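Summary of structural features
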Amino acid sequence: MASAVNRVAQVASHITGLSSTIDSKNQDDVVVVSALRSALTKGGKGGFKDTQASDILAGVLKATITKSGINPSLVQDIAVGSVLPPGGGATEFRAAALVAGFPSSTSVNAVNRQCSSGLQACVQIAHEIKAGMIDCGIGAGVESMSNNYGPGAVSEFSDLLKGHPEAKDCLIPMGITSENVAKEFNISRQAQDEFAASSYAKAAKAQQQGLFNEEIVPLKVKFTDPKTDEEKEVTVDRDDGVRPGVTAESLAKIKPAFSKTGSTHAGNASQISDGAAAVLLCRRSFAQANGLQVIGKFISASVAGVPPRVMGIGPAYAIPIALEKAGITKDQVDIYEINEAFASQALYSCQVLGLPLEKVNPKGGAIAFGHPLGATGARQISTLLTELKRTGKKVGVTSMCIGTGMGMASVWVAE
């Protein structure tokens, strides 16, 4: 029977143009049964400004148990991507999992590949399942930039590192790397502002239509009013960085942030944000045995290194590798979720790969609603699978650039 099913999938692949790996359903597939996130809020002033990263994470993990219906004792490992917390966050993330309702038998680890940390966590869990190490796990990401963002997040370089011409480039501020990309690859200020304005418009429209509601977990937290100093409990259930009415013309009035003659500014760069996301993955046979609803399938992932001084071009190198591993072409992808660290690098990646912008970030991106560093990679999967389901589409790619000069990408299929 299995061979017959696979043969049907192969025939279907000839009709759809998709590879049999993408279209087939096998018992050892790594599948997604839940992909949720918190709202993303403005760093230092948004809804999560007084909430620790561990508490946001605990809320999303708890919702993962509730919404998926899984017995938490069946989850064997949780990987949490995060960039800024002292000590990597390993201790508080373990505690957050216990608070969320997972037993002590569920192990936890912290992952840091900078801006791709959330995706790296998900891929780690997927690979643990593929290797037979576990049957079920959670890849998550979280960041409180309100509490941990700043100069203290970067270690002091030794003389040995600073003495190496390319190694010292790892210390170049991210905004300057954006300027380097814009200058070296001729990405104009106007083009960047138009790309950013489109992101704002798409996010505002999506929020107005309630298109984020399915992926966002409302969380009750304590919030101190900056005007009255009064502490109160609030429910955070929407991205508070979304701004309707932003245009390329209004963005053109903003002064450059990193160079007087530059083109990167607060309006065409990602917002400093707080938030978390969690993706529950397992083997297909495990999902079937435990009555879990499959919403997607993990296909492939890739990482690629690029010069640190133009770190933003990473997606242009990582995406083709992930597509090749998946056995598909760029044109067979329905939706691309490419992190908008800066308009310069996101637009460059789209241009050099020849991606139609209507396929990229259909509900907006980090410029419009924020980039909580460690959470973004997991957040993109939630946004992607939700939108693929809503639109009846099939194949999606997530990708982002990574500080110090890397890119990461992944391919997913909605079911």
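The structure under discussion appears in the preceding block.
Below is a short write-up of the structure. (Residues numbered from 1 in each chain as written. Predicted model: local features only at pLDDT ≥ 70, side-chain atom pairs only at ≥ 80, totals over all residues. Heavy atoms only, no water.)

A few points about the side chain of glutamate 128
Rules: In this description a helix means any DSSP run of H or I spanning at least four residues, a strand means any run of E spanning at least two, and both kinds are numbered starting from the N terminus. Type-normalised accessible area, obtained with a 1.4 Å probe on protein chains alone, sets the label of each residue: buried when under 20%, exposed when over 50%, and partly exposed for intermediate values. For the purpose of counting charges, residues Lys and Arg are taken to be positive, whereas Asp and Glu are taken to be negative. His and the chain ends are not included. We count a salt bridge whenever a side-chain nitrogen from Lys or Arg sits within 4 Å of a carboxyl oxygen from Asp or Glu. The criterion used for residue contact is that any of the two residues' heavy atoms lie within 4.5 Å.
With respect to the secondary-structure elements, glutamate 128 resides in helix α5 (residues 117-130). With no salt bridge to any partner, buried glutamate 128 finds its closest opposite charge in arginine 283, at an N-O distance of 9.7 Å. Excluding its chain neighbours within four sequence positions, the residues that come into contact with glutamate 128 are Asp77, Met133 and Ile134.

So, the nonpolar core
Quick reminder of the rule: Here, nonpolar core means buried Ala, Val, Leu, Ile, Met, Phe, Trp, Tyr and Cys residues that are tied together by side-chain atoms lying within 4.5 Å of each other.
Ranked by size, the top nonpolar core spans 68 residues in total, and within it Phe102 and Ile138 carry the most contacts. No other element matches helix α3 (residues 53-68), which puts eight residues into this core. Once residues within four sequence positions are removed from consideration, isoleucine 138 is found in contact with Leu61, Thr64, Val75, Asp77, Ile78, Ala79, Phe102, Ile125, Ala278, Val279 and Leu280. In terms of nonpolar packing, the next biggest core, distinct from the first, is built from 29 residues, Cys122, Ala126, Leu384 and Leu388 among them.

As for the layout of surface pockets
If you roll a probe as big as a water molecule over the atoms, it shows you where there is empty space left. Our working definition: Here the term cavity refers to a set of points on a 1 Å grid, laid over the protein atoms alone, in which a 1.4 Å probe fits but cannot get out; the term pocket refers to an open set having protein on both sides within 12 Å along at least five of seven lines, with lining residues being those that place an atom within 4 Å of a point. Grid points are joined across faces, edges and corners, and a volume is the space filled by probe spheres set on the points. In this classification, the charged set is Asp, Glu, Lys and Arg, the nonpolar set is Ala, Val, Leu, Ile, Met, Phe, Trp, Tyr, Cys and Pro, and all remaining amino acids, among them Gly, are polar.
There is about 1,400 Å³ of room inside the largest pocket. Among the residues making up the lining of the largest pocket, the classes are represented as 25 nonpolar, 13 polar and three charged. Considering only enclosed or pocket space, the second largest pocket measures out at about 340 Å³ in volume. Of all the secondary structure elements, the ones that give two or more residues to the lining of the second largest pocket are β1 (30-37), α3 and α15 (376-391). Taken together, the residues of the lining of the second largest pocket sort by class into seven nonpolar, five polar and four charged.

Details of the packing of helix α12 (residues 314-326) against helix α13 (residues 343-353)
Condition: Angular values range over 0 to 180 degrees, each being the angle between N-to-C directions of two axes fitted as lines to C-alpha atoms, with helices fitted over their stretch in contact. Should an angle fall under 35 degrees it is called roughly parallel, over 145 degrees roughly antiparallel, and 65 to 115 degrees roughly perpendicular, with every other angle called oblique. For any helix crossing, the convention is left-handed if the near helix is rotated counterclockwise from the far helix by under a right angle, and right-handed if that rotation is clockwise.
In the contact formed by α12 and α13, the axes pass within 8 Å of each other and the chain directions differ by 45°. By the angle class used here, α12 and α13 are oblique. Helix-helix and strand crossings are classified by hand; for α12 and α13 the assignment is right-handed. Mapping the contact onto sequence places Pro315, Ala316, Ile319 and Pro320 in α12 and Gln345, Tyr348, Ser349, Val352 and Leu353 in α13.

Structural notes on the state of the cysteines
Counted only if it meets this: In this description, the term disulfide denotes a pair of cysteine sulfurs within 2.5 Å.
In the structure shown here, the tally under the stated rule is zero disulfides. The cysteine cysteine 136 is free of any disulfide, with cysteine 282 supplying the nearest cysteine sulfur at 5.1 Å.

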